[in-house]
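Secondary and tertiary structure notes
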Amino acid sequence: MSAAGTGGTGAAAEARLTVMCGGSEDAVARVTPVIETFGKKIVYCGPVGAGHTVKAVNQALLAVHILATAEALVAAAPTSRWGSGSTIPWGVATPSFSR
């Protein structure tokens, strides 16, 4: 069986990680009590390696989100040649950010 975790150091310290598991369902069931010591959400993803694949997809989505946010903030900056020349885009975007 294999497992990959996500959630960061804070979640790890508080046993709140999301753990994506791969392997036989029986193997995952046997180790679930151990995983519960550091993980809150345990997801069975399929055969060995499937959890790591899901983690890689999750990381790719995160990277795309970070890149898109950076590009949008640069484009909307008052000093940008594409920007509105004001702080209006920041006033709209800031309350919309996920918390």
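A brief structural summary. Not measured: the values here are computed from a predicted model.

Parameters at a glance
- Residues numbered from 1 in each chain as written.
- Predicted model: local features only at pLDDT ≥ 70, side-chain atom pairs only at ≥ 80, totals over all residues.
- Heavy atoms only, no water.
- Pairing = 2+ DSSP bridges.
- Helix = DSSP H or I, 4+ residues; strand = E, 2+ residues; numbered from the N terminus.
- Axes fitted to C-alpha atoms, helices over the stretch in contact; angles between N-to-C directions.
- Contact = heavy atoms within 4.5 Å.
- Buried < 20%, exposed > 50% of the residue type's maximum accessible area, 1.4 Å probe, protein only.

**Quick notes on the sheet that holds strand β3 (residues 39-46)**
Spatially, β1-β2-β3 is the arrangement adopted by the 3 strands of the open sheet, whose pairing is mixed. The outermost strands of the open sheet, each flanked by one partner alone, are β1 (2-6) and β3. The mean inter-strand angle of the sheet, taken between neighbouring strand axes irrespective of direction, is 25 degrees. As judged from the 5 bridges shared by β1 and strand β2 (residues 17-22), these two strands associate in the antiparallel manner. Note that in β2 the partner of Ala4 across the bridge is Met20. Of the strands in this sheet, β2 and β3 touch helix α2 (residues 25-35), which is tilted by about 165 degrees from β3. Against the sheet, helix α3 (residues 50-76) makes contact with β1, β2 and β3, and its axis sits at roughly 25 degrees relative to β1, the strand it touches most.

**Things to note about the environment of Leu17**
Here Leu17 is to be found in strand β2. Exposure remark for Leu17: the relative accessible area of 12% places this residue in the buried category. Expressed as a C-alpha distance, the spacing of Leu17 and Phe38, which sit 21 residues apart in the sequence, is 6.3 Å.

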